Amino acid sequence: MRLLIDFFPIALFFVAYKWHGIYAATAVLMAATVVQMGLIYAIDRRLQTVQKVTLLLVLVFGALTLTLQDERFIKWKPTVLYGAMALALAAALWGWKKNILQVLLGSQLKLPAPVWSRLAMAWIGYCGFMAALNAYVAAYFSTDAWVDFKLWGYVFPVLFLVGQGLYVARHLKDDTA
């Protein structure tokens, strides 16, 4: 269910783009993201920081795209989001010696400190990779290709999260013994 909630703004964006172009798709993305965050809030009774930042960036970059009639803004939004996430995780881990993932998830997952450290580094690398990949596609490919990448590129976060789940599962302590 959560995967569907996460995926539907991208799917609606893709469909709107194919039918009506980038500006209609941007407006649809903005509306769908507001609905998405409303659903998440209704289920969880709160939004996580990354969800709030995502909503803010979609609305700001979407508004700039529509107001200035410049598609570059919406195309660069994922780069800004992933880059900010990589920087925040790296600054916290190496600058302030805080593992944001462990702070957020440590009460739910009991993992050894080295595993938390590797998870944080994996997230930093993943976010950096996704920022660079989106920047490359946004800069060097057509808008059609970028929109296709946004839809089919959804496989990257799915594979990354599955990989993270498999990695974490190996290190979880069995409390039933």
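Scroll up for the structure.
So, how was this worked out
- Residues numbered from 1 in each chain as written.
- Predicted model: local features only at pLDDT ≥ 70, side-chain atom pairs only at ≥ 80, totals over all residues.
- Heavy atoms only, no water.
- Helix = DSSP H or I, 4+ residues; strand = E, 2+ residues; numbered from the N terminus.
- Buried < 20%, exposed > 50% of the residue type's maximum accessible area, 1.4 Å probe, protein only.
- Contact = heavy atoms within 4.5 Å.
- Areas by Shrake-Rupley, 256 points an atom, 1.4 Å probe, with all protein chains shown as cover.
- Core = buried A, V, L, I, M, F, W, Y, C linked by side-chain atoms within 4.5 Å.
- Expected span 1.5 Å × (residues − 1).

Structural notes on the overall build of the protein
Part 1 of the reasoning: When you go through the protein residue by residue, the secondary structure sums to eight helices and zero strands.
Part 2 of the reasoning: Ordered by position in the sequence, the α and β elements of the protein form the string α-α-α-α-α-α-α-α.
Part 3 of the reasoning: Principal-axis analysis of the C-alpha atoms places the extent of the protein at approximately 55 × 35 × 25 Å.
Part 4 of the reasoning: The burial tally for the protein puts 40% of its 177 residues in the buried class.
Part 5 of the reasoning: Contacts in the protein between residues at least 24 apart in sequence constitute 65% of all its contacts with a sequence separation of at least 6.
Part 6 of the reasoning: Just so you have it, the protein exposes about 10300 Å², and 70% of that area is on carbon and sulfur atoms.

Some remarks on the nonpolar core
Part 1 of the reasoning: Tyr82, Leu101, Leu111, Leu119, Trp123, Tyr126 and Cys127 are the most contacted members of the largest nonpolar core, which has 20 residues in total.
Part 2 of the reasoning: Elements that contribute at least two residues to this core include exactly helix 4 (72–95), helix 6 (113–140) and helix 8 (155–171).
Part 3 of the reasoning: Here this core gets 10 residues from one element, more than from any other, and that element is helix 6.
Part 4 of the reasoning: Other than its neighbours up to four places away in sequence, leucine 119 contacts Leu101, Leu111, Gln164, Tyr167 and Val168.
Part 5 of the reasoning: Judged by nonpolar contacts, the second largest core, of 17 residues, contains Met30, Ala138, Trp146 and Phe149.

A look at the environment of valine 103
Part 1 of the reasoning: Within the secondary structure, valine 103 sits in helix 5 (residues 100–105).
Part 2 of the reasoning: Exposure remark for valine 103: the relative accessible area of 62% places this residue in the exposed category.
Part 3 of the reasoning: Each C-alpha atom, one on valine 103 and one on tryptophan 116, is 9.9 Å from the other, the two residues being 13 residues apart in sequence.

Focus: helix 1 (residues 2–20)
Part 1 of the reasoning: In a regular helix each residue adds 1.5 Å, so 19 residues correspond to 27 Å; helix 1 covers 28 Å between its end C-alpha atoms and thus fits that length.
Part 2 of the reasoning: When we look at burial in helix 1, the residues that qualify are Ile5, Pro9, Ile10, Phe13, Phe14, Ala16 and Tyr17.
Part 3 of the reasoning: Where helix 1 terminates, the next one or two residues include glycine 21, which has phi positive at roughly 95°.

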